[in-house]
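Analysis of the macromolecular model
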Amino acid sequence: SSGINAEYGGTVQEILWGKEDPIMKELFALGLAPSPKLALQVNGSTDADALTKPTVVYTGKSDISQVDGYHSYHGRSSSTCWGSAAANVINGSEGTMFEPLFIYNKSRPVTIYNDQLFRSVQLEFVRESSYKDLPCYVYKIPDWALQNMQNNPTNEAYYAYIYSGLLNITQCAQNVPLYLSKSMFLDADTRLLENITLHVAPNRTLHDTYLCIEPYTGAVIDGHKRVQISVQIEQYPILGVLNQSHPAFVPLISVDEHGSITPHLISELRTKLLIPIFIAHISFYILIALGVFVLLVSFAVHVKSVADKYKVKEDEEVLVHNEAIQAGSATGAESSEHSEKSDLYLSFDGRNSRYYDIDPDS
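Residues numbered from 1 in each chain as written. Predicted model: local features only at pLDDT ≥ 70, side-chain atom pairs only at ≥ 80, totals over all residues. Heavy atoms only, no water.

1. Here we look at the overall build of the protein chain
Spelled out, the test is: Numbered from the N terminus, helices here are DSSP runs of H or I no shorter than four residues, and strands are runs of E no shorter than two. Partly exposed describes any residue whose relative accessible area lies between the buried limit of under 20% and the exposed limit of over 50%, with all areas from a 1.4 Å probe on protein chains only and scaled to the type maximum. Accessible surface area values rest on a Shrake-Rupley calculation with a 1.4 Å probe, where residue burial reflects the displayed protein chains alone.
The secondary structure content of the protein chain amounts to six helices and twelve strands. Out of the 362 residues belonging to the protein chain, those deemed buried represent 32%. As presented, the protein chain carries roughly 22,800 Å² of accessible surface, and 57% of it is formed by carbon and sulfur atoms.

Right, dumping it as structure tokens:
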């Protein structure tokens, strides 16, 4: 045994920007590591792009669907980490703003570029929720995004050769065998827990990444970006500290980036957006109700008008019928009188055995 302690510690600056580590020093001497230091972040002062080339995002003026989406990240529109051109493309937003009016299409996925994952990831709609009484839609990283190539062949471009739930960033980390996952290996292959002991059990509420998006504006009002960085440990007989170890993925650090809307913005959002929308909705339904009421009144008036017309016509027909009856009675009386007169004339002429066509009124 070399007497090297496998535990790694230090200040935040040393962990982030690098600290000479005994194990890394031995690996570096054997040509198995690019540096004797172990760092979680590459110092930007040595990267010309980080200093001279800006990150450019779309304003959404010409295409609202691209609002806050990356045009280039530190001057680059693609990375060089992954095994295909499609996997290397940088698209999506930083994860703070998306296309507005999610309320009309909440099932659409949203795309973010996560600089910690070195790749773009689609987030899928999970459920409706609320934050500080503001309605929102919750989106999370789907399981298929971190599945190995046996379960999801498209992830072959991300070197997903081993266990589901791990993202192999070795190519992005100067060939240091680093892997990203959800905190505490949440949703990962359970075999990852066989040779290590976690002091905290995976918990979806505490360890999952999610975004809460306000459905009208597309703004993220609450979110947690949680990621765990682990190193792959193998047996190395020439290293005393590793010659008795079991192959494992040992967590180095868990990161939880959290952001949420401020109370002032909550009040402003309610006053300038949600309350006017609520009033507009109420007014809309009131107008519909008034329109239905006017239609019903108009229909009732029309029915009554038609009924009155039929009644007037019926009354006129009855009147005409009565007049016809009266006229018929009068005509019958006149005919009777005329018949009596005709009989007299015929009787008178009959005595002379002659027939005269005499007009009784003459």
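2. Quick look at the state of the cysteines
Convention followed: Criterion for a disulfide: a pair of cysteine sulfur atoms within 2.5 Å.
One pass over the full model with this rule turns up one disulfide. The disulfide that involves Cys81 links it to Cys172, with 2.4 Å between the sulfurs. Of this pair, Cys81 sits in the loop between strand S4 (70-72) and helix H4 (85-88) while Cys172 sits in the loop between strand S8 (167-168) and strand S9 (178-181); the two residues are 91 residues apart in sequence, bridging distant segments of the chain. For Cys81, a relative accessible area of 9% corresponds to the buried category. Looking at Cys172, the relative accessible area reads 16%, which means it is buried. Of all cysteine sulfurs in the structure, the one in Cys212 sits closest to Cys136, which takes part in no disulfide; the separation is 3.7 Å. Note on Cys136: relative accessible area 2%, which makes it buried.

3. Here's the deal with the pairing of S9
Short version of the rule: Any two strands are treated as partners once DSSP identifies two or more bridges connecting them.
The two faces of S9 match: Leu178 and Leu180 on one face and Tyr179 and Ser181 on the other face are all buried. Examined bridge by bridge, S8 and S9 share two bridges and lie antiparallel to one another. The residue bridging Asn168 from the neighbouring strand is Tyr179, located in S9. Where S9 and strand S11 (residues 220-233) come together, four bridges link them in antiparallel fashion. The partner of Leu180 across the bridge, within S11, is Ile229.

4. What about the nonpolar core?
Stated formally: For the purposes of this section, nonpolar cores are sets of buried Ala, Val, Leu, Ile, Met, Phe, Trp, Tyr and Cys residues that join through side-chain atoms within 4.5 Å.
Ranked by size, the top nonpolar core spans 31 residues in total, and within it Trp82, Phe98, Leu123, Leu167 and Ile213 carry the most contacts. Breaking this core down by element, the ones donating at least two residues are strand S5 (110-114), strand S6 (119-131), strand S7 (134-140), S9, strand S10 (210-213) and S11. Among the elements that take part in this core, S11 stands out by supplying four residues, more than any other. Within the second largest apolar cluster, 13 residues are counted, among which are Tyr131, Leu134, Ile221 and Leu274.

5. So, unusual backbone geometry
Glycine aside, residues mostly have negative phi angles, and peptide bonds mostly take the trans form. If you check the backbone angles, Asp133 has positive phi at about 70 degrees while not being a glycine. Tracing the backbone through its elements, the reader meets Asp133 in the loop between S6 and S7. Positive phi values are uncommon outside glycine, yet Met184 reaches one of about 60 degrees.

6. A word on the pattern of salt bridges
Side chains that differ in sign of charge can pair as their charged atoms come close. Test applied: Each salt bridge in this description consists of a side-chain nitrogen of Lys or Arg and a carboxyl oxygen of Asp or Glu lying within 4 Å of one another.
If you walk through the whole model with that rule in mind, you get twelve salt bridges. Of the charged contacts, one joins Glu99 and Arg108 as a salt bridge, the two residues approaching to 3.4 Å between their closest N and O atoms. Taking relative accessible area as the criterion, Glu99 reaches 25% and is therefore assigned partly exposed. A salt bridge links Arg226 to Asp256; the nearest nitrogen and oxygen atoms lie 3.2 Å apart. Residue Arg226 is found in strand S11, and its partner Asp256 is found in strand S12 (residues 248-260); the two are separated by 30 residues along the sequence.

7. Things to note about empty space enclosed by the protein
Note the cut-off: Buriedness of a pocket was judged along seven lines, with at least five required to meet protein on both sides within 12 Å; pockets are open sets of points on a 1 Å grid over the protein atoms alone, cavities are sets where a 1.4 Å probe fits but cannot get out, and lining residues have an atom within 4 Å of a point. Grid points are joined across faces, edges and corners, and a volume is the space filled by probe spheres set on the points. Each residue receives one of three labels: charged for Asp, Glu, Lys and Arg, nonpolar for Ala, Val, Leu, Ile, Met, Phe, Trp, Tyr, Cys and Pro, and polar for the others, Gly being one of them.
On inspection of all chains with the given rule, the structure shows three cavities of 30 Å³ or more. Reported here for the largest cavity is a volume of approximately 110 Å³. Every residue along the wall of the largest cavity is listed here: Asn114, Leu117, Ile141, Leu146, Leu167, Leu180, Ser181, Lys182, Thr209, Lys225, Arg226 and Val227. Elements with a minimum of two residues in the lining of the largest cavity: S9 and S11. Looking at the lining of the largest cavity, its residues break down into six nonpolar, three polar and three charged. Approximately 40 Å³ is the volume found for the second largest cavity. Every residue along the wall of the second largest cavity is listed here: Tyr159, Ala160, Tyr161, Ile162, Tyr163, Leu166, Asn168 and Tyr179. Residue classes in the lining of the second largest cavity are distributed as seven nonpolar, one polar and no charged.

8. What to know about the environment of Asn91
Put simply, the test is: Any two residues whose heavy atoms approach within 4.5 Å are treated as being in contact.
Tracing the chain through its elements places Asn91 in the loop between H4 and S5. Residue classification places Asn91 among the partly exposed positions, given a relative accessible area of 35%. Along the backbone, Asn91 and Gly69 are 22 residues apart, and their C-alpha atoms lie at a distance of 6.7 Å. Not counting chain neighbours up to four residues away, the residues in contact with Asn91 comprise Thr111, Ile112, Tyr113 and Ser120.

9. A word on the environment of Ser93
When you line up the elements, Ser93 lands in the loop between H4 and S5. The buried category is assigned to Ser93, whose relative accessible area is 3%. With 18 residues separating them along the chain, Ser93 and Thr111 place their C-alpha atoms 6.6 Å apart. Residues in contact with Ser93, not counting those within four places in the same chain, are Asp68, Gly69, Tyr70, Phe98, Thr111, Ile112 and Tyr113.

10. Comments concerning the confidence of the model for the protein chain
When pLDDT is low, close inspection of the predicted coordinates is not appropriate. Heads up, the condition is: Residue-level confidence of the predictor is summarised by pLDDT, bounded by 0 at the bottom and 100 at the top.
The share of residues in the protein chain with pLDDT of 70 or more is 74%, and the mean pLDDT across the chain is 79. When mean pLDDT is taken per element in the protein chain, S10 scores highest with 94 and helix H3 (residues 48-52) scores lowest with 52. Taken as a whole, residues 344-358 scores under 50 in pLDDT and shows five contacts with residues more than four places along the chain or in a different chain.

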